[in-house]
Amino acid sequence: MNSILSIREVSKFYGSYQALNAVSLEIPRNSIYGLLGPNGAGKTTLIRIINQITFPDQGQVFLDGEPLAPHHIAQIGYLPEERGLYKSMKVGEQALYLAQLKGLSRAEAKQQLKYWFEKLDIGNWWHKKVQELSKGMAQKVQFIVTVLHRPKLLIFDEPFSGFDPINAAMIKDQILELKEGGASIIFSTHRMESVEELCEHIGLIHRSNLILEGKLSAIKKIHKQNRYEIRWTPLNGTPAPEELLGRLPVIGPHYDAEDNTWDFTLELQDSEKGELLRYLSEHGNLASFRERIPSVNDIFIQTVQKQESHA
Amino acid sequence: MHKLGLIIRREYLAKVRNKSFVIMTFLSPILLVGMIVLIAYLTKVNDNEKRLVAVLNESPFFKTDFESKRGISFVPLHGIGLETAKDSVLDMGYYGLLYLPQRASLEGVTEDAFLYTKDAPNTLVLETLEGIFEDRLREYRLQQLGVSSEEYARVRMGYEINTATFSGQRSAKGINEFKAVVGGAFGYLIMMFIIIYGGFVMRSVIEEKTTRIIEVIISSVRPFQLMLGKIIGTSLAGVTQFLIWIFSASLLMIAVMLFLDIDPAILMQRPGPGGLEASLAQSALSGDDTSQLLVEEFLKIPMGLLVGCFLIYFVLGYLIYSSIYAAIGAAVDNETDTQQFIFPIIMPLMLAIYVGFFSVFSNPHGPIAVAFSIFPLTSPIVMLMRLPGGVGEGGVPLWQLLASIALLLVTFLAIVWLAAKIYRVGILMYGKKPTYRELYKWLKY
């Protein structure tokens, strides 16, 4: 059993509108899972089902092998996209209240809060009212409240919104540290570069259906188009690569006269690779030969567009 | 249960620490007592103002009839002519001059008597004077018919009929109204509480939506727990406020009365017009017998039953209405959108109060009173107005009380269930104001 969370054939209807259609997915233990999808695809509904805010009309969810039950609330930490704090309450008091709602005792909550306030460098905020805080400051408090009760499963929905780059990096480090500490993390965002940086697995939801799921590296392998980026300096003169290779580059070519260097991308079958490499090194200086890996952004757009054209 | 306690605690503290709530709590009794003191003071000033009326009596009648009474003093003038009298009265700043000319008969005098004043005369003065004339004329005419003054004095005595119920209890005039007022006070208290603190519950739900904290909380507790905690916490704050109000207002009142020496009876008095009719009415109302009966009846009101039922109706009625308020708060994004939904809740409350005042006071066990005291949205107020008459014979039939409570209980469960469903969906909905149709759809989510 290597999944912390199993979602099996979950469907959800709002009146006649179907928000989720028999979605099944496995969230691997101790990893970061990117839950992606266009706006209105059904991500938030799925996340709310995991948090038992709403309940599925069909299907089941298992946390750590057990069917989801009210006591699991204490084992999940959820940072919603639409988040806020009581304006007129003091920061410390409020954090204490939210931590206790998650099932911590008052003393435990206090101790944990102290640790986290020190760690994120906001120790002197305890007696401030929330309305005195900036948006980024309030976000920090919300992050702490989400992770405070050491949940095994953490769900972050757009965790970096409202943070400046320095604080965003700080939060990213904290998320990675939590993963090192054994937590499993679901990460939902529209910022693909952070998916690229953080996630080992992804799932893509589009129009209530799960249309792509798996290990990020494996998905990339499937989506690669056998394209290679090449930087090469020919030995004699400046002939165009197409004359040399007898084929057209897919992208490029670009010639830098100062360095006498060509940059171009070729589409190659595995069987052609060895021969080409040999040719290039015989007739010039091969500076780089690299397979072009599709970015998450490319995969996202490609997959969604393919679905749209099918529909 | 533990979480519910936490929510109640937070809601209570949030409310009690709120600045405007604190100010209202301590300012209201001061304002209230200040008002009472002001009214008492003004009444006293009004009372102490004596209007001086000079009487120039040239006739042989009315020698002893103009006695000074509350508000008017009569000053007899002698040996001067009317024109001189007018001038001097005006000079001395008297209120007016009453002139009785020299005539042979009493009727002649009354026909030609004149009251001169600077401006149009005050009704109280007029009524007092007219009363004196009427009384004297009546006596005179009866004398013509052979009725002596002593006999007339006996005829003037007021009369009040003795009343009793069929079971033999003595009852007094106005006892129904009196009982309904006692019950009505409880009913009115419930209505005020619902409107004030129901509104607080609604605003608190809207606040959670606009600050977007709702989803964070809902991932830790069930929406129903949050709703219930909010309602209970707010009502505890309300009860605290009410207790402080009652306690501090009575303390202040006592202190004020001791220091300023205001007679509480002043507030009870109604300045009645003079004259025969008035004095008749007064003697009827102020009969020792009647007030003693009222006190007896007051003591006979089943206080235990009334307070017990008050608690039941208060708790159930408040929970019904405040959960509707919570659902409304959940359905909208801001307070301005609430109007369309609030009107239908206020209506049954208003109806209950009006029905109470116009129907229950005069006929506590009539069909309208019975219907409204069983209908669950109005029963908390109307039934309490009927209850001071007791339960059973002569009071509310037991089956009506039980039916009313049972219906209220069923309604309570149904409404809270419905409100919780709307609440659960509404708190996560942002954007446009929902229609009633959409609310109905939410019930099926």
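Everything below is about the structure shown above.
Residues numbered from 1 in each chain as written. Chains lettered and ligands numbered in written order. Predicted model: local features only at pLDDT ≥ 70, side-chain atom pairs only at ≥ 80, totals over all residues. Heavy atoms only, no water.

### Quick word on the overall build of chain A
Helix and strand content of chain A: 10 helices and 14 strands. Of all 311 residues assigned to chain A, the portion counted as buried reaches 49%. Contacts in chain A between residues far apart in sequence, at least 24 positions, make up 68% of those at least 6 positions apart. Carbon and sulfur atoms provide 48% of the accessible area of chain A, an area that totals close to 14,800 Å². (Helix = DSSP H or I, 4+ residues; strand = E, 2+ residues; numbered from the N terminus. Buried < 20%, exposed > 50% of the residue type's maximum accessible area, 1.4 Å probe, protein only. Contact = heavy atoms within 4.5 Å. Areas by Shrake-Rupley, 256 points an atom, 1.4 Å probe, with all protein chains shown as cover.)

### So, the pairing of strand E10 (residues 209–215) of chain A
Within a regular beta strand, the side chains point alternately toward one face of the sheet and then the other, so they alternate between its two faces. Residues and elements named next belong to chain A. In this sheet, E10 lies alongside strand E9 (residues 201–206) in antiparallel orientation, the contact comprising 6 bridges. Pairing of isoleucine 205 across the sheet is with leucine 210, part of E10. Between E9 and E10, which follow one another and run antiparallel, lie 2 residues, and arginine 207 among them has a positive phi close to 50 degrees. (Pairing = 2+ DSSP bridges.)

### A few points about the interface of chain B and chain A
On the side of chain A, 23 residues touch chain B, which itself brings 22 residues to the contact. Around 2,500 Å² of area is buried between chain B and chain A when both sides are counted, 59% of it from carbon and sulfur atoms. Per-residue buried area on chain B facing chain A is highest for B:Arg10, B:Glu215 and B:Ser219; these three make up 25% of the total on that side. Linking chain B with chain A are 3 salt bridges, by the criterion used here. A salt bridge links B:Arg17 to A:Glu93, with the shortest nitrogen-to-oxygen separation between them at 2.6 Å. Taken together, chain B and chain A are joined by 8 residue pairs in polar contact (both at pLDDT 80 or more). Looking at the side of chain B that touches chain A, the elements that each hand over two or more residues are helix H1 (2–17), helix H7 (175–210) and helix H8 (214–218) of chain B. With 7 residues, H1(B) is the single largest residue contributor to the side of chain B that touches chain A. Class assignment of the residues belonging to the side of chain B that touches chain A gives a composition of 10 nonpolar, 3 polar and 9 charged. (Buried area = accessible area lost by both parts, 1.4 Å probe. Salt bridge = Lys/Arg side-chain N within 4 Å of Asp/Glu carboxyl O. Polar contact = N/O pair within 3.5 Å; in protein donor to acceptor, adjacent residues only side chain to side chain. Nonpolar A, V, L, I, M, F, W, Y, C, P; charged D, E, K, R; others polar.)

### Description of the side chain of B:Thr338
All names here are of chain B. Within the secondary structure layout, threonine 338 lies in the loop between helix H13 (303–331) and helix H14 (339–360). Using a relative accessible area of 2% as the deciding quantity, one classes threonine 338 as buried. In this structure threonine 338 touches Met202, Ile206, Ile328 and Val332, once residues within four positions along its chain are discounted.

### Thoughts on a nonpolar patch on the surface
Residue and element names in this part refer to chain B. A cluster of nonpolar side chains, Ile23, Leu27, Ile30 and Leu31, forms an exposed patch at the surface whose accessible area comes to about 390 Å². Relative to the assigned elements, leucine 27 resides in helix H2 (residues 19–48). We classify leucine 27 as partly exposed; its relative accessible area is 41%. (Patch = residues over 30% accessible without salt bridge, like charges linked within 9 Å, V, L, I, M, F, W, Y side chains within 5 Å.)

No statement about biological role is implied by the geometric values presented.
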